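Fold and contact review
Chain residues, written in single-letter form:
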Amino acid sequence: QVQLVESGGGLVQAGGSLRLSCLVSGRTFSRYGMGWFRQAPGKQRELVATIRSGGSTSYLDSVKGRFTISRDNAKNTVYLQMNSLKPEDTAVYSCAASDRDYPWSWRYWGQGTQVTVSS
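Below or above, wherever it landed, is the structure these notes cover. (Residues numbered from 1 in each chain as written. Predicted model: local features only at pLDDT ≥ 70, side-chain atom pairs only at ≥ 80, totals over all residues. Heavy atoms only, no water.)

Take the packing of aromatic side chains next. For any pair of aromatic rings, the description rests on two quantities: the centre-to-centre distance and the angle between the ring planes. Tallied over the full model, the rule gives four aromatic pairs. Measuring from ring centre to ring centre gives 5.3 Å for Phe37 and Trp106, while their planes differ by 90°; the resulting arrangement is edge-to-face. Residue Phe37 is found in strand S4 (residues 33-39), and its partner Trp106 is found in strand S10 (residues 106-109); the two are separated by 69 residues along the sequence. With relative accessibility at 7%, the residue Phe37 sits in the buried group. Here the aromatic residues Phe37, Trp104, Trp106 and Trp109 are joined through ring pairs into a cluster of three or more. Here Arg45 stacks its cationic end above the ring of Phe37, 5.4 Å away from the centre of that ring. Its end group placed over the ring of Phe29, Arg71 keeps NZ or CZ at 4.6 Å from the ring centre. (Phe/Tyr/Trp six-rings, centres within 6.5 Å; stacked < 30°, edge-to-face > 60°. Helix = DSSP H or I, 4+ residues; strand = E, 2+ residues; numbered from the N terminus. Buried < 20%, exposed > 50% of the residue type's maximum accessible area, 1.4 Å probe, protein only. Lys NZ or Arg CZ within 6 Å of the ring centre and 35° of its normal.)

Here it is in structure tokens:
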């Protein structure tokens, strides 16, 4: 059974930074495509960033230049570095694992971590 556990959320002032981590259990992490999603109250979940098994990345337009997704296959961990945070980035952030690269198949999910950005 694959499990994903996020950490690193919290409360930060606008302009600040946070780094989210997602630890993935199992021995096949390097084969997964990984993604970070977020959902704000009353809004649909949106895909924030993805990283393929080979390392190529993509981003939601509104976070380009501010967020960076990365992975450490030796640690079974994917990260989301968030800089220049804005109040509109406030949401529950969840990581997900896809058992294939694009088109994605988000098979495994973490429980989510709250990010709150104050103005």
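A separate point is the side chain of Ser98. Among the structural elements, Ser98 can be located in strand S9 (residues 91-98). For Ser98, a relative accessible area of 0% translates into the label buried. A polar atom in the side chain of Ser98 sits 2.8 Å from the backbone nitrogen of Ser105. Setting aside chain neighbours within four positions, we find Ser98 in contact with Tyr32, Gly33, Trp104, Ser105, Trp106 and Arg107. (Polar contact = N/O pair within 3.5 Å; in protein donor to acceptor, adjacent residues only side chain to side chain. Contact = heavy atoms within 4.5 Å.)

Across all of its chains, the model carries five salt bridges by this definition. In this structure, Asp89 and Arg66 form a salt bridge, with 2.7 Å as the shortest nitrogen-oxygen distance. Within this pair, whereas Asp89 is found in the loop between strand S8 (77-82) and S9, its partner Arg66 is found in the loop between strand S6 (57-59) and strand S7 (67-72), the two being separated by 23 residues in sequence. The salt bridge partner of Asp99 is Arg107, with a shortest N-O separation of 3.2 Å. For Asp99, a relative accessible area of 35% puts it in the partly exposed group. Looking at Arg107, the relative accessible area reads 53%, which means it is exposed. (Salt bridge = Lys/Arg side-chain N within 4 Å of Asp/Glu carboxyl O.)

Time to look at the state of the cysteines. Inspection of the entire model under this criterion finds one disulfide. Residue Cys22 pairs covalently with Cys95 via a disulfide, S to S 2.0 Å. Classification of the bridge connecting Cys22 and Cys95 rests on its S-S torsion, roughly 60°, and on that basis the disulfide is right-handed. Of the two residues, Cys22 is situated in strand S3 (residues 18-24) and Cys95 in strand S9; the sequence distance between them amounts to 73 residues. Taking the relative accessible area as the measure of exposure, Cys95 reaches 0% and is therefore buried. (Disulfide = S-S within 2.5 Å.)

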